[in-house]
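So the chains spell out like this:
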Amino acid sequence: MPSSGHRLRDVEHHPLLNNEEDFDGPSSESELPDRVWFIRDGCGLVCAFITWFLVLYADFVVTFVMLLPSKSFWYALINGVAFNFLAVLALTSHLRTMLTDPGAVPKGNATKEYMESLQLKPGEVIYKCPKCCSIKPERAHHCSICKRCIRKMDHHCPWVNNCVGENNQKFFVLFTMYISIISAHALILAGFQFFTCVKDQWTECSDFSPPAAVILLIFLCLEALLFLTFTAVMFGTQIHSICNDETEIERLKNEKPTWERRVRWEGMRTVFGGQPSLLWINPFAGLRLRHLHSRTRKGGAEFSV
């Protein structure tokens, strides 16, 4: 692998180490090509739980406080189906972001035998991550929470309890998109609900008492505003990064690209797969049902199948 100056800033250049007794060999990774990735991080699990709780809370308020008591059947039906459908897409995107390997480099593959098998040419330089003892590909960065080097690591997001990297960026983008959409939808419905209930003096406006309904709606509006602002900004940032073939880490470090950039639609096709189609916005695309079981590994942080 040719030497690249921008990588010298975030990884130590080590000579090939002969001491391998503390490292797992690369064969342990290849034995399990299909695995469900799961990070056992307390903060991330709490944030993921909060995310699901807030989405389900919004769904509860929209469905049971605003739509079911509505006098208009078609208004309730259309908005209820649309909101719940988008909520399912958002939560599915969240799950796939959280449970997809973001592009982890095999841990401990920097063994003497593996180095020799690469048949490096004179002058070629490879880099070994001193933290996870793996050969560090170009544009890979080490995540201290996942305890792995991640290919094209954009950032570690506690709200999805995972890194956003080469393999799961699509699902993270879909998650931010669907959350921003349902947040805007909830705000519109809440505004219409307030207007209707004030006009009718809260009589027959909801199955809940007026004080309870007002508190639930106010909390929903605050939640929706916060989520809309955060996810819309994140969605725009992610699309900009994809179109410029630049990760958030590379942008913050102002790293000059040593790779051939895929710009605009080429970058979008790389992340979302193929030509533009409905599969781009489908978080179920490529999903395979697998049995989840725990696998104990030295320093491991994931469950495997």
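Residues numbered from 1 in each chain as written. Predicted model: local features only at pLDDT ≥ 70, side-chain atom pairs only at ≥ 80, totals over all residues. Heavy atoms only, no water.

Going by the annotation in an unreviewed UniProt entry, the name recorded for the protein chain is Palmitoyltransferase, with Polyodon spathula given as the source organism. Under Sequence similarities (unreviewed entry), UniProt gives the following word-for-word description of the protein chain: "Belongs to the DHHC palmitoyltransferase family." As recorded by UniProt, the Subcellular location (unreviewed entry) comment attached to the protein chain reads in full: "Membrane". (UniProt positions renumbered as here; feature names shortened; annotations may be inferred.)

Colleague: How would you explain the side chain of Lys170 if you had to name every residue and give the values?
Modeller: Relative to the assigned elements, Lys170 resides in helix α5 (residues 169-199). We note that Lys170 is buried and unpaired, the nearest opposite charge coming from Glu166 at a distance of 15 Å. Residues in contact with Lys170, not counting those within four places in the same chain, are Val271, Phe272, Leu279, Trp280, Asn282 and Ala285. (Helix = DSSP H or I, 4+ residues; strand = E, 2+ residues; numbered from the N terminus. Buried < 20%, exposed > 50% of the residue type's maximum accessible area, 1.4 Å probe, protein only. Lys, Arg positive; Asp, Glu negative; His and termini not counted. Salt bridge = Lys/Arg side-chain N within 4 Å of Asp/Glu carboxyl O. Contact = heavy atoms within 4.5 Å.)

Colleague: Please provide a residue-by-residue account of the environment of Ser206, values included.
Modeller: With respect to the helices, strands and loops of the structure, Ser206 is situated in the loop between α5 and α6 (210-243). Separated by 138 residues in sequence, Ser206 and Leu68 have C-alpha atoms that sit 8.4 Å apart. Not counting residues within four places of it along the chain, the set of residues in contact with Ser206 comprises Val65, Pro69 and Ala213.

Colleague: Kindly report on the nonpolar core, identifying the contributing residues and their values.
Modeller: Ranked by size, the top nonpolar core spans 43 residues in total, and within it Val61, Val62, Met66, Tyr178, Ile179, Leu220 and Phe272 carry the most contacts. Sorting the residues of this core by element identifies α2 (42-67), α3 (73-99), α5, α6 and α8 (265-272) as the ones contributing at least two each. For this core, the element with the highest residue contribution is α5, accounting for 11 residues. Dropping the residues within four chain positions of it, Met66 is found in contact with Val61, Leu189, Ala190, Gln193, Leu217 and Leu220. (Core = buried A, V, L, I, M, F, W, Y, C linked by side-chain atoms within 4.5 Å.)

Colleague: Account for α3, naming residues and giving values.
Modeller: The first and last C-alpha atoms of α3 sit 38 Å apart over 27 residues, in line with the 39 Å expected at 1.5 Å per residue. Looking at where α3 begins, the residue whose side-chain oxygen comes 3.3 Å from the main-chain nitrogen of Tyr75 is Ser72. (Expected span 1.5 Å × (residues − 1). Polar contact = N/O pair within 3.5 Å; in protein donor to acceptor, adjacent residues only side chain to side chain.)

Colleague: So what about the UniProt feature "transmembrane region" (unreviewed entry) in the protein chain? Which residues, and what values?
Modeller: Following the UniProt record, one finds the feature "transmembrane region" (unreviewed entry) at residues 45-67, 73-91, 171-192 and 212-235. Annotation note: span residues 45-67, helix share 100%, strand share 0%, distance between end C-alpha atoms 32 Å. Along residues 73-91, the helical share is 100% and the strand share 0%, with 27 Å between the first and last C-alpha atoms.

Colleague: I'd like to hear about unusual backbone geometry, residue by residue, with values.
Modeller: Negative phi characterises most residues that are not glycine, and trans characterises most peptide bonds. Even without glycine at this site, Arg139 takes up a positive phi of about 70°. Structurally, Arg139 is set in the loop between α4 (112-117) and β1 (141-143). Despite not being glycine, Asp245 has its phi angle at roughly 50°, a positive value. One can find Asp245 in the loop between α6 and α7 (248-252).

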